[in-house]
Amino acid sequence: MAYESAAKAAAFIRSRTELEPRTALVLGSGLGAFADSVAQAVRIPYEEIPGFARSTVEGHAGRLLIGKVDGVPVIIQQGRFHFYEGYDMEQVMLPVRTFGLIGVERLILTNAAGSVNSDMRPGSLMIISDHLNCMAVNPLRGPNDERFGPRFPDMTNVYDDEMQEAALAAANAISNERAAAGADSERSDLVHRGIYCALSGPTYETPAEVRMYRQLGADAVGMSTVPEAIAARHMGLKVLGISCITNLAAGMSGEAIDHEEVMETGARVADVFGELLRRVISKFGSGG
Ligand code: HPA
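Residues numbered from 1 in each chain as written. Predicted model: local features only at pLDDT ≥ 70, side-chain atom pairs only at ≥ 80, totals over all residues. Heavy atoms only, no water.

(A) Main features of the overall build of the protein. When helices and strands are counted, the protein shows seven helices and nine strands. The C-alpha atoms of the protein give 18 Å as radius of gyration, which agrees with the globular expectation for 288 residues (19 Å, within 12%). A buried classification covers 54% of the 288 residues belonging to the protein. Put simply, 82% of the contacts in the protein that link residues at least 6 apart link residues at least 24 apart. By element, 48% of the accessible surface of the protein is carried by carbon and sulfur atoms, the whole surface being about 12100 Å². (Helix = DSSP H or I, 4+ residues; strand = E, 2+ residues; numbered from the N terminus. Rg over C-alpha atoms; globule rule 2.2 N^0.38 Å. Buried < 20%, exposed > 50% of the residue type's maximum accessible area, 1.4 Å probe, protein only. Contact = heavy atoms within 4.5 Å. Areas by Shrake-Rupley, 256 points an atom, 1.4 Å probe, with all protein chains shown as cover.)

(B) Geometry of the site of the ligand. Around the ligand, the surrounding shell consists of Ala112, Ala113, Gly114, Tyr204, Glu205, Val221, Gly222, Met223, Thr246, Asn247 and Val262. Residue alanine 112 places a main-chain N or O atom 3.3 Å away from a nitrogen atom belonging to the ligand. Contact with the protein chains removes 96% of the 260 Å² of surface that the ligand exposes when unbound. Looking at the shell around the ligand, the elements that each hand over two or more residues are β5 (106–115), β8 (220–222) and β9 (238–248). If you tally residues by element for the shell around the ligand, the top one is β5, at three residues. The residue inventory of the shell around the ligand, partitioned by class, reads six nonpolar, four polar and one charged. (Near = heavy atom within 4 Å. Polar contact = N/O pair within 3.5 Å; in protein donor to acceptor, adjacent residues only side chain to side chain. Nonpolar A, V, L, I, M, F, W, Y, C, P; charged D, E, K, R; others polar.)

(C) The arrangement of the nonpolar core in detail. Of all hydrophobic cores here, the largest spans 50 residues; its most connected members are Phe52, Leu64, Ile75, Phe99 and Leu107. Of the residues forming this core, the biggest block, seven residues, is contributed by helix α2 (residues 89–101). Other than its neighbours up to four places away in sequence, leucine 107 contacts Ala24, Val26, Val96, Phe99, Glu228, Ala232, Leu237, Lys238, Val239 and Leu240. Counting 34 residues, the second-largest nonpolar core is a separate cluster that includes Ala35, Ala167, Phe273 and Phe284. (Core = buried A, V, L, I, M, F, W, Y, C linked by side-chain atoms within 4.5 Å.)

(D) Local environment of the packing of aromatic side chains. A complete count under the given rule lists five aromatic pairs for this structure. Relative to phenylalanine 52, the ring of tyrosine 46 has its centre 5.6 Å away and its plane inclined at 50 degrees; by these criteria the two rings are tilted. Under the relative-accessibility criterion, tyrosine 46 is labelled buried at 0%. A ring pair is formed by phenylalanine 81 and tyrosine 87, whose centres lie 5.1 Å apart and whose planes are at 75 degrees; its orientation type is edge-to-face. With respect to burial, phenylalanine 81 and tyrosine 87 carry one shared label: buried. Here the aromatic cluster, defined as three or more aromatic residues joined through ring pairs, consists of Tyr46, Phe52, Phe81 and Tyr87. One residue, arginine 97, lies across the ring of phenylalanine 148, its end atom 4.0 Å from the ring centre. Sitting over the face of the ring of tyrosine 3, arginine 147 holds its NZ or CZ atom 4.1 Å from the ring centroid. (Phe/Tyr/Trp six-rings, centres within 6.5 Å; stacked < 30°, edge-to-face > 60°. Lys NZ or Arg CZ within 6 Å of the ring centre and 35° of its normal.)

(E) Representation of helix α5 (residues 226–234). Across the nine residues that make up α5, a large majority, eight, are buried. Those residues of α5 that sit buried are Val226, Pro227, Glu228, Ala229, Ile230, Ala231, Ala232 and His234. Contacts made by the buried residues of α5 are with β1 (23–27), α2, β5, β6 (125–134), β7 (191–199) and β9. Looking one or two residues past α5, glycine 236 carries a phi angle of roughly 85 degrees, positive in sign.

(F) The arrangement of the packing of α2 against α5 in detail. Here α2 crosses α5 at 55 degrees, and the two axes come no closer than 9 Å. Comparing their axes, α5 and α2 come out oblique. The crossing of α2 and α5 is right-handed. Contacts from Met89, Val92, Met93, Val96 and Arg97 of α2 reach α5 at Pro227, Glu228, Ala231, Ala232 and His234. Residues that form the contact of α2 with α5 fall into these classes: seven nonpolar, one polar and two charged. (Axes fitted to C-alpha atoms, helices over the stretch in contact; angles between N-to-C directions. Parallel < 35°, antiparallel > 145°, perpendicular 65-115°, else oblique. Left-handed = near helix turned anticlockwise from the far one by under 90°.)

Dropping the structure here:
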């Protein structure tokens, strides 16, 4: 069933564009603005795509875009399906599996996340080096379809080393350029590399939970990304994950956490974030 759904969605998308994107991008909460910079985009609302659910969370547009970034064909998921919204994992994974079936080879996953590492402050970016799946469910639970991948997928290198290095180098270059231009000199800690811990949500964590995840090795906590990363690795796609650190996690600042703050920080870093995405897409799109 899952395979047939993805195949149907893939055939539908192919019928709507001549482009053959090899790179896909999933835009997280508050990070949708990047989609506006895509040239000649075909926009397809989820309700038109066979099998796709609708995205219900505030700040998520709910459509795919196929267009070009710096001349490189890309397919963009603007608004993802979160487990906390009540979707089952097959629905959460469907867009990524569809991308795999239309020939995408590299997937860039972005998200908003809370920092559990006091060195990483809001407004900085974290290149994901590895993850902790604390969602209490594995998205691949259930019968395995070998057409997607093996029953027991290896998770040794979920996040592609070369893509991580490229993203770090690009972010550092952007940071240096901005400092040189006097744009924001306090941005010397723009980019970090760290471990993303996925939780099912929709509550934010308690301070005790935040201390626990920190002890487990997490640098950031969020409510997405890991199911899609797993689905992508199952199919052999290369994955890059970038978290926008929107807030300090619960108990770290004494302040309560609210969705508005998360969205506002996303908007504040939109320029830098967009520039980073553009450079990474352009590097790999041109065969680099
Ligand atoms: N916790 C979980 N998910 C999040 C957070 C957080 O603090 N901020 C943005 N997404």
